[in-house]
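Coordinates in review
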Amino acid sequence: MKNAFSCRMELIQEPFCHQARSTDVRSISTSTSTNVLTRFDKNGDGFISESEVLASVWKILALYDLNSDQKISRDEFDILLKVTVDVKEITYLNHFRAADTNHDGYVTDQELKERFTQISGMPTDMNSALNVLRKNDQNGDGKLNYKEYKTVEAASVAIQGPRV
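Fair warning: this is a prediction, and the values are worked out from it, not measured in the lab. (Residues numbered from 1 in each chain as written. Predicted model: local features only at pLDDT ≥ 70, side-chain atom pairs only at ≥ 80, totals over all residues. Heavy atoms only, no water.)

Looking now at the overall build of the protein. Broken down by element type, the protein carries eight helices and two strands. Mapped in sequence order, the helices and strands of the protein form the string α-α-β-α-β-α-α-α-α-α. Among the 164 residues that make up the protein, the fraction classed as buried is 39%. Considering only residue pairs separated by 6 or more positions, the protein has 47% of its internal contacts joining residues 24 or more positions apart. Just so you have it, the protein exposes about 9,300 Å², and 54% of that area is on carbon and sulfur atoms. (Helix = DSSP H or I, 4+ residues; strand = E, 2+ residues; numbered from the N terminus. Buried < 20%, exposed > 50% of the residue type's maximum accessible area, 1.4 Å probe, protein only. Contact = heavy atoms within 4.5 Å. Areas by Shrake-Rupley, 256 points an atom, 1.4 Å probe, with all protein chains shown as cover.)

Spelled out as structure tokens, the structure:
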């Protein structure tokens, strides 16, 4: 079965399609990711923008524009590749999008507090949210990017089981 994004759109080379069929995310190499990104990045700025792809392709890519800057970065493109082959990654991404209420590509302590309250159905205090944020804020910027948030989400799923 072909990968929904890469193969059905028939815009990406067959070697990528072959790799994307695997259920192991590690099978998509960095060089494959770079080659695919470079193929779309017509102006060479390191990003994929709407003007560089067909409108139908942009509709899919835009879903992965986590910081709403109207372009797809290497990190955002890597997330897209992982999501296409890993169901858990889709869950993490959906929870991140729900937590990132201002769509800036980061989850703040307040957004984390609101998300915990929403999921649990019970009020969450700010100290709990701050503790989780501090434990998982790997780059020390006071907020969680997708990779950092995914660590919180993975730990939560491991302890509580998957959320719907």
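This paragraph deals with helix α7 (residues 126-136). Those residues of α7 that fall on the buried side of the exposure criterion are Ala 129, Leu 130, Leu 133 and Asn 136. Viewed along the axis of α7, the buried residues span an arc of 140 degrees, placing them on a single side of the element. Summarising the geometry of α7, the exposed residues directed more than 90 degrees from the buried face are Asn 127, Arg 134 and Lys 135. The N-terminus of α7 is capped by Asp 125, whose side-chain oxygen sits 3.1 Å from the backbone nitrogen of Asn 127. (Arc of directions from axis to C-beta. Polar contact = N/O pair within 3.5 Å; in protein donor to acceptor, adjacent residues only side chain to side chain.)

In this structure, Gly 46 sits in the loop between α2 (30-40) and β1 (48-49). The partly exposed category is assigned to Gly 46, whose relative accessible area is 33%. For the pair Gly 46 and Ile 72, spaced 26 residues apart in sequence, the C-alpha separation works out to 8.7 Å. Not counting chain neighbours up to four residues away, the residues in contact with Gly 46 comprise Leu 37, Asp 41, Ile 72 and Arg 74.

Moving on to the packing of helix α6 (residues 109-120) against α7. With their axes 9 Å apart at the nearest point, α6 and α7 run at an angle of 115 degrees to one another. Judged on the interaxial angle alone, α7 and α6 are roughly perpendicular. As α6 packs across α7, the resulting crossing turns out to be right-handed. Contact residues: Asp 109, Gln 110, Leu 112, Lys 113 and Phe 116 in α6; Met 126, Ala 129, Leu 130, Val 132 and Leu 133 in α7. Broken down by class, the residue content of the contact of α6 with α7 amounts to seven nonpolar, one polar and two charged. (Axes fitted to C-alpha atoms, helices over the stretch in contact; angles between N-to-C directions. Parallel < 35°, antiparallel > 145°, perpendicular 65-115°, else oblique. Left-handed = near helix turned anticlockwise from the far one by under 90°. Nonpolar A, V, L, I, M, F, W, Y, C, P; charged D, E, K, R; others polar.)

Within the fold, Thr 124 resides in the loop between α6 and α7. In this structure Thr 124 comes out as buried when scored by relative accessible area, which is 15%.

Turning our attention to the UniProt feature "domain: EF-hand" (unreviewed entry) in the protein. The feature "domain: EF-hand" (unreviewed entry), as annotated in UniProt, sits at residues 52-87 and 96-122 in this numbering. Across residues 52-87 one finds 56% helix and 6% strand; the C-alpha atoms that close the span lie 28 Å apart. A helix fraction of 59% and a strand fraction of 0% characterise residues 96-122, whose end C-alpha atoms lie 19 Å from each other. (UniProt positions renumbered as here; feature names shortened; annotations may be inferred.)

Moving on, we come to the layout of surface pockets. When its volume is computed, the second largest pocket comes out at roughly 250 Å³. As for the second largest pocket, its lining consists of Leu 66, Asn 67, Ser 73, Asp 75, Glu 76, Ile 79, Asp 104, Gly 105, Tyr 106, Asn 145, Tyr 146 and Lys 147. (1 Å grid on protein atoms, 1.4 Å probe; cavity = no way out; pocket = protein on both sides within 12 Å on 5 of 7 lines; lining within 4 Å. Points joined across faces, edges and corners; volume = space filled by probe spheres on them.)

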